[in-house]
Amino acid sequence: MRNRTPQISSLKRTLAMLEEVVADGGQNSVSALARSIDMPVATAHRQVTTLVEEGYLTPVGRGRHVAGARLLRLLQRLDEKQLIVNVAAPAMHRLAVKARTIVQLGTLENDMVTYRLKIGQGAAGLFTRVGMQLEAYCSGMGKVLLAHLPRGERDAYLANGPFVALTPRTIVDAGALACELDLVARQGYAIDDGEIAEDLTCAAVPVRRPDGMVPAAISISQSMSARKIGHDEVIELLHATAREIEQVAFNAAE
């Protein structure tokens, strides 16, 4: 294979069988699963036997298998949000260059936004920092993350006020905030227009999993008195970057 590292076909087939067994959840036999993916039954049995020996699968009787202890331990080490941060970093660097200002990525933990990436011109002068947690109701990323919570979780958040005004523009009424979150969910982006700091405007969009859940949000922040790019361009850049992150982070799930 010219200019490319050769792939191991047998490994690809084994991984395909592992994925099929795990997705099946112990409902069908190895033979049935092999036929469903057009794999020789004898080959599938050899693969599954090896995976059982290595602890990646566990037999549950009548030729059926489920995820084994070794695979489960491996899955427990995975942090989806950190994975998103890792794959997002190059795309966020490119976004920062195009936007010529500050870009950030955040996630929601315990009703607070955790800032996980912060890049771009002027980043050192903005009060946020990587690892910091801030209230969600008054920031663009926070509104995006709240807007895409399951309805029960969002309602519980809104019932747990009061919400403190950080500037005269901060939305502190629970009913008004609920309407704002509905708008964010419909339009696909959020705006913080001087709500967390008086001279700061921020636009944010969701990073979506294939199932529609939103584990992260990305944003562009600008000084109101020295904006470098307009609203429409900001939203377009954010959506393009979010799609790029989604394609890399969730490619295996598509």
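For clarity, every value in this text was computed on a predicted model and none was experimentally measured.

K.L.:
Where do I start with the overall build of the chain in this structure?
P.N.:
The helix and strand tally for the chain stands at nine helices and eight strands. Against the globule reference of 18 Å for 254 residues, the chain gives a C-alpha radius of gyration of 23 Å, more extended than a compact globule. Considering the chain as a whole, with its 254 residues, one finds that 43% of them fall into the buried category. Carbon and sulfur atoms form 53% of the exposed surface of the chain, whose accessible area is close to 13,700 Å². Each charge class in the chain was averaged separately, 28 positive and 28 negative side chains, and the resulting centres sit 8 Å apart.

K.L.:
Whenever I open this one, the nonpolar core confuses me. Can you help?
P.N.:
For soluble globular proteins, nonpolar side chains are generally found buried alongside one another. In terms of nonpolar packing, the biggest core is built from 29 residues, with L108, V113, V144, L146, Y157 and L177 touching the most fellow members. In terms of residues, this core owes the most to one element, helix α6 (residues 140-147), which gives five residues. Counting residues in hydrophobic clusters, the runner-up holds 28 residues, among them Y189, A203, I229 and I235.

K.L.:
Which parts of the structure should I look at to understand the sheet that holds strand β4 (residues 112-120)?
P.N.:
The strands making up a sheet associate through hydrogen bonds between their backbones, and the pairing can be parallel or antiparallel. Taking strand neighbours across the sheet as the criterion, the six strands line up as β5-β4-β3-β8-β7-β6 in an open arrangement whose pairing is antiparallel. Taken across any chain shown, the strands that pair with only one partner, and hence form the sheet edges, are β5 (133-135) and β6 (190-193). Direction aside, the axes of adjacent strands within the sheet are offset by 30 degrees on average. Relative to strand β8 (residues 216-223), strand β7 (residues 200-207) runs antiparallel, the two being bridged by eight bridges. Within β8, the position partnered with P206 by the bridge is A217. Packed on one face of the sheet, α6 meets β3 (102-109), β4, β6, β7 and β8 and runs near 40 degrees to β3.

K.L.:
How should the packing of α6 against helix α8 (residues 174-187) be read in this particular structure?
P.N.:
The geometry of a pair of packed helices is captured by two quantities: the angle between their axes and the separation between those axes. At a minimum axis separation of 9 Å, α6 and α8 run at an interaxial angle of 85 degrees. The angle between α6 and α8 falls in the class roughly perpendicular. Residues K143, V144, L146 and A147 of α6 pack against E180, L181, V184 and A185 of α8. In terms of residue class, the contact of α6 with α8 is built from six nonpolar, no polar and two charged.

K.L.:
I'm lost on the pattern of salt bridges in this one. Help?
P.N.:
Two side chains with opposite charge may pair up if their charged atoms get near one another. Taken as a whole, this structure holds eleven salt bridges when the rule is applied. Two residues, E54 and R70, come together in a salt bridge whose shortest N-O distance is 3.1 Å. Here the residue E54 occupies a position in the loop between α3 (41-53) and β1 (57-61), and R70 occupies one in helix α4 (residues 69-76), the gap between them amounting to 16 residues. Of the residues examined, R70 reaches a relative accessible area of 36% and is grouped as partly exposed. Of the charged contacts in the structure, one is a salt bridge between K81 and E109, with a shortest N-O distance of 2.7 Å. Of the two residues, K81 sits in helix α5 (residues 80-99) while E109 sits in strand β3, which places them 28 residues apart along the sequence. Overall, K81 belongs to the partly exposed group, its relative accessible area being 22%. For E109, a relative accessible area of 17% corresponds to the buried category.

K.L.:
In this structure, what is going on with α6? I would like to understand it.
P.N.:
Each α-helix turn comprises 3.6 residues. Residues three or four places apart therefore point the same way. With eight of its eight residues buried, α6 lies for the most part within the structure. For α6, every residue scored as buried is listed here: G140, M141, G142, K143, V144, L145, L146 and A147. For α6, the N-terminal capping position is held by S139, with its side-chain oxygen 3.0 Å away from the main-chain nitrogen of G142.

Conventions and cut-offs
- Residues numbered from 1 in each chain as written.
- Predicted model: local features only at pLDDT ≥ 70, side-chain atom pairs only at ≥ 80, totals over all residues.
- Heavy atoms only, no water.
- Helix = DSSP H or I, 4+ residues; strand = E, 2+ residues; numbered from the N terminus.
- Rg over C-alpha atoms; globule rule 2.2 N^0.38 Å.
- Buried < 20%, exposed > 50% of the residue type's maximum accessible area, 1.4 Å probe, protein only.
- Areas by Shrake-Rupley, 256 points an atom, 1.4 Å probe, with all protein chains shown as cover.
- Lys, Arg positive; Asp, Glu negative; His and termini not counted.
- Charge placed at Lys NZ, Arg CZ, Asp CG, Glu CD.
- Core = buried A, V, L, I, M, F, W, Y, C linked by side-chain atoms within 4.5 Å.
- Pairing = 2+ DSSP bridges.
- Axes fitted to C-alpha atoms, helices over the stretch in contact; angles between N-to-C directions.
- Contact = heavy atoms within 4.5 Å.
- Parallel < 35°, antiparallel > 145°, perpendicular 65-115°, else oblique.
- Nonpolar A, V, L, I, M, F, W, Y, C, P; charged D, E, K, R; others polar.
- Salt bridge = Lys/Arg side-chain N within 4 Å of Asp/Glu carboxyl O.
- Polar contact = N/O pair within 3.5 Å; in protein donor to acceptor, adjacent residues only side chain to side chain.

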